[in-house]
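# Fold and contact review
Residues per chain are reported as follows:
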Amino acid sequence: MLNIDQYAYSNQLSKIHPMEKILFAIGIMIVCLVANSVYISLVVILLMAGVITLGARISVKLLIKLLAIPVSFLLFSILAIIISITTDESTLLWYVAFGKVKVGIQSRNLLVGINLFLRSLATVSCLYFLALTTPAVEIINILKKLKLPQIFIELMMLMYRLLFILLETANQIRLSQLSRLGYTSFRNSLFSLSKLIARLFIKAYYRARELVIALEARGYDGEIRVLAREHQLSKRNLIAILLIEIFLIIVTIY
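What counts, and where the lines are drawn
- Residues numbered from 1 in each chain as written.
- Predicted model: local features only at pLDDT ≥ 70, side-chain atom pairs only at ≥ 80, totals over all residues.
- Heavy atoms only, no water.
- pLDDT = per-residue confidence, 0-100.
- Helix = DSSP H or I, 4+ residues; strand = E, 2+ residues; numbered from the N terminus.
- Core = buried A, V, L, I, M, F, W, Y, C linked by side-chain atoms within 4.5 Å.
- Buried < 20%, exposed > 50% of the residue type's maximum accessible area, 1.4 Å probe, protein only.
- Contact = heavy atoms within 4.5 Å.
- Pairing = 2+ DSSP bridges.
- Axes fitted to C-alpha atoms, helices over the stretch in contact; angles between N-to-C directions.
- Expected span 1.5 Å × (residues − 1).
- Patch = residues over 30% accessible without salt bridge, like charges linked within 9 Å, V, L, I, M, F, W, Y side chains within 5 Å.
- Areas by Shrake-Rupley, 256 points an atom, 1.4 Å probe, with all protein chains shown as cover.
- Salt bridge = Lys/Arg side-chain N within 4 Å of Asp/Glu carboxyl O.
- 1 Å grid on protein atoms, 1.4 Å probe; cavity = no way out; pocket = protein on both sides within 12 Å on 5 of 7 lines; lining within 4 Å.
- Points joined across faces, edges and corners; volume = space filled by probe spheres on them.
- Phe/Tyr/Trp six-rings, centres within 6.5 Å; stacked < 30°, edge-to-face > 60°.
- Lys NZ or Arg CZ within 6 Å of the ring centre and 35° of its normal.

## Considerations on the confidence of the model for the protein
Predicted confidence across the protein gives a mean pLDDT of 84, with 97% of residues reaching 70 or more. Across the protein, helix H3 (residues 38–55) holds the top mean pLDDT of 93, while strand E2 (residues 92–98) sits lowest at 74.

## Examining the nonpolar core
Ranked by internal contacts, the top residues of the largest apolar core, which has 41 residues, are Phe24, Ile28, Val44, Met48 and Phe129. For this core, the elements supplying multiple residues, two or more each, are helix H2 (18–35), H3, helix H4 (60–82), helix H5 (107–133), helix H6 (136–145), helix H7 (150–179) and helix H9 (235–253). Counting residues per element, this core draws most heavily on H5, which supplies nine residues. If sequence neighbours within four positions are ignored, Met48 has contacts with Phe24, Ala25, Ile28, Ser125, Cys126 and Phe129.

## Focus on the sheet that holds strand E3 (residues 101–106)
Strands sit in the order E1-E3-E2 across an open sheet of three strands; the sheet is antiparallel. Each edge of the open sheet carries a strand with a single partner, namely strand E1 (83–86) and E2. Averaged over all neighbouring strand pairs, the angle between strand axes comes to 30 degrees, with direction disregarded. Note that E2 and E3 share six bridges and pair antiparallel. From the neighbouring strand, Leu92 faces E3, where its bridge partner is Gln106. Most of the contacts of H5 go to E3, to which it runs at about 50 degrees, and overall it touches E1, E2 and E3.

## So, the side chain of Ser125
Tracing the backbone shows Ser125 in helix H5. Ignoring sequence-local partners within four residues, the contact set of Ser125 consists of Ile45, Met48, Ile52 and Leu67.

## Focus: H7
When the terminal C-alpha atoms of H7 are compared, their 44 Å separation across 30 residues agrees well with the 44 Å that a helix rising 1.5 Å per residue should span. Among the residues of H7, Ile153, Glu154, Met157, Phe164, Ile165, Thr169, Ala170, Ile173 and Gln177 are the ones counted as buried. Looking at the buried residues of H7, the elements they touch are H6 and helix H8 (186–217). Following H7 by one or two positions, Leu181 has its phi on the positive side, about 60 degrees.

## Quick notes on a nonpolar patch on the surface
A cluster of nonpolar side chains, Ile85, Leu93, Trp94, Val96, Phe98 and Val101, forms an exposed patch at the surface whose accessible area comes to about 650 Å². Residue contributions to the nonpolar patch peak at four residues, all from E2. For Trp94, a relative accessible area of 54% corresponds to the exposed category.

## Side note on the layout of surface pockets
Empty space among the atoms becomes visible once a probe the size of a water molecule is rolled across them. Roughly 700 Å³ of volume is contained in the largest pocket. Taken together, 24 residues form the lining of the largest pocket, with Leu127, Ala131, Ile139, Met156 and Tyr160 sitting closest to its centre. For the lining of the largest pocket, the secondary structure elements donating two or more residues are helix H1 (4–10), H2, H5, H6 and H7. Counting residues per element, the lining of the largest pocket draws most heavily on H7, which supplies seven residues.

## Considering the packing of aromatic side chains
According to the stated counting rule, one finds two aromatic pairs in the structure shown. Here Tyr205 and Tyr206 contribute two aromatic rings whose centre-to-centre distance is 5.5 Å and whose plane-to-plane angle is 75 degrees, an arrangement assigned as edge-to-face. For the residue pair Tyr205 and Tyr206, the accessibility class agrees, reading exposed in each case. The positively charged end of Arg174 is found above the aromatic ring belonging to Tyr183, 5.3 Å away from the centroid.

Encoded structure:
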């Protein structure tokens with residue numbers, strides 16, 4: 001996760017105007033959410049995977065590793081939707097009986113769960129495309145041009161930076177624990193994990209405090225000013241984005 005900025009700056013789509021990438025990702029995400037269709041969700045997942053791997057030249061291995069994080073959460077989340085408890089076994093595709101009570105899967109709930117899983121994964125794929133191809137600085141610069149409230153932009157930038165501080169601190173503590181054989185057994189792993197969590201937020205707090213002091217030392221007046229690269233909007237790209245989104249809308253309707 002700490003290398004996302006590196007990929008955002010070095011990928012093959014980094015020179016494209018950030019507004020074009022935002023329109024592409026957000027537009028397709030909205031179509032996917034409104035369509036509420038398994039087929040559209042599958043098309044969006046494949047489209048984003050293709051653009052990220054073939055267009056931006058980001059490795060398939062990295063994309064799979066990143067997608068594994070939301071997939072693990074989604075799989076556990078949809079279990080509550082798919083699994084049903086009833087006394088009428090005729091409505092269940094598969095079940096386990098506990099006396100008169102049946103715990104199983106209904107076909108209707110299964111379809112709802114699959115649809116929700118794919119739609120969520122499709123929207124996450126859109127966000128991954130934006131994060132992996134567009135530096136946060138350029139996204140924030142676009143938000144400023146769109147006249148979003150300054151406080152919202154400042155909080156977004158600070159939270160983004162503090163997230164990386166938290167991850168970096170956790171990685172340093174874990175590396176130190178590994179060097180002391182802190183994860184050699186299940187019991188040691190639990191003990192080390194508890195120590196990591198206890199120390200993490202304390203060290204992250206001090207790191208964040210150092211960041212605030214550094215900002216104040218550099219004349220921070222409530223607005224963080226950053227330099228962003230200059231880009232030119234491409235009519236060709238805008239037309240391509242429009243055609244793709246119109247195609248998805250037509251597929252949704254028919």
